[in-house]
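So the chains spell out like this:
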Amino acid sequence: MDDCCAVVDLRQYTLHPGERDTLIEVFDEHFVEGQEATGMHIVGQFRDLDEPDRFVWIRGFPDLPTRADALNAFYYGPIWREHAATANRTMIDSDNALLLTPVHLGTTYPRPDSPRSARGTTDVPDSVVAGAVYHRGAAVDGFVEFFTDHAVPVLTATGAEPVAVFETLVAENNFPGLPLRDEIVLAWFARFPDDAAYDEHRRRFAASAVWQRQVLPELVCRSAAPAQELRLRPTARSQFR
């Protein structure tokens, strides 16, 4: 596992109507470098294309002790102190957060030295980052193995080869100031160059007899709640794009 990525936060914020662009402006301009200076890796930040008031982002850490140190350094440091009021005013809920660890990271998954657009960039890419979060009943349930052996081949064959697959990291939250959801999940993400490529995947996906008759029923049976599907547009400065 890459040193940058053994621990991952997947965070989904519900925002006040019309405030998402305000948060993204502050985040892309100030919070990317501000967090990375403390030892985090800001993997990607996104507009949810199906929820206009949802902001989704991913950040990584090499290990749990670094996570604690980095979060303390940032949230008690000058960058957050200067811009916290502006960011917090945009938010209704910021507690939808999961602590994860990678099952698989593809070669195109962003690393800390991956390209990132310069500050001030506002051109939003055409790409789509999409995937799902599956809610599991237990950490030892065979879900990862079933997903890897049976779901991934269908996703790949329909144009959605996962760039990243994560599962819950069962560990105590070592920065209690930011709550985490207490549940076991598997989450995956794939990248599409544009909306047309994503739509073509969905068409082929819906037509897959293997998925509809074999894989999907088993995933539903193994899940503790309905899956959350995500269809995301990277912001101008997202590395995952």
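Everything here concerns the structure above.
Note that the structure is predicted; figures quoted are calculated from it, not measured.

Some points on the pattern of salt bridges
Right, so step 1: As enumerated under the stated definition, the model contains 15 salt bridges in all.
Right, so step 2: With a shortest N-O distance of 2.9 Å, arginine 116 and glutamate 36 are connected by a salt bridge. In this pair, arginine 116 is assigned in the loop between β4 (91-105) and β5 (128-136) and glutamate 36 in helix α1 (residues 20-36), connecting sequence segments 80 residues apart.
Right, so step 3: Judged by relative accessible area, which is 26%, glutamate 36 ranks as partly exposed.
Right, so step 4: Overlapping salt bridges, with partners in common, bring together Asp9, Arg59 and Arg67 in one network.

Some thoughts on the nonpolar core
Right, so step 1: With 25 residues, the main nonpolar core has Phe55 and Tyr75 as its most contacted residues.
Right, so step 2: Take this core: its biggest share by element is 6 residues, from α1.
Right, so step 3: With sequence-adjacent residues up to four places away left out, phenylalanine 55 is seen in contact with Arg11, Gln12, Tyr13, Leu15, Arg20, Leu23, Ile24, Phe27, Gln45 and Phe46.
Right, so step 4: Leu10, Leu98, Ala187 and Leu230 belong to the second largest nonpolar core, which has 23 residues in total.

Here we look at the packing of helix α4 (residues 143-157) against helix α6 (residues 209-222)
Right, so step 1: Interhelical geometry of α4 versus α6 gives an angle of 160° and a closest axis separation of 11 Å. For the element pair α4 / α6, the angle class is roughly antiparallel. By crossing handedness, the relation of α4 to α6 is classed as left-handed. In this structure, α4 uses Phe143, Phe146, His150, Ala151 and Val154 to contact α6, whose residues at the interface are Val210, Trp211, Val215, Glu218, Leu219 and Arg222.

Side note on the packing of α1 against helix α3 (residues 78-89)
Right, so step 1: Relative orientation of the contacting elements α1 and α3 amounts to 165°, with a least axis distance of 10 Å. Taken together, the axis directions place α1 and α3 in an arrangement best described as roughly antiparallel. The handedness of the crossing between α1 and α3 is left-handed. Within the contact between the two elements, α1 uses Thr22, Leu23, Val26, His30, Phe31 and Gly34 and α3 uses Ile79, Trp80, His83, Thr86 and Ala87.

What counts and what doesn't
Residues numbered from 1 in each chain as written. Predicted model: local features only at pLDDT ≥ 70, side-chain atom pairs only at ≥ 80, totals over all residues. Heavy atoms only, no water. Salt bridge = Lys/Arg side-chain N within 4 Å of Asp/Glu carboxyl O. Helix = DSSP H or I, 4+ residues; strand = E, 2+ residues; numbered from the N terminus. Buried < 20%, exposed > 50% of the residue type's maximum accessible area, 1.4 Å probe, protein only. Core = buried A, V, L, I, M, F, W, Y, C linked by side-chain atoms within 4.5 Å. Contact = heavy atoms within 4.5 Å. Axes fitted to C-alpha atoms, helices over the stretch in contact; angles between N-to-C directions. Parallel < 35°, antiparallel > 145°, perpendicular 65-115°, else oblique. Left-handed = near helix turned anticlockwise from the far one by under 90°.

Any functional reading would require information beyond the geometric quantities listed.
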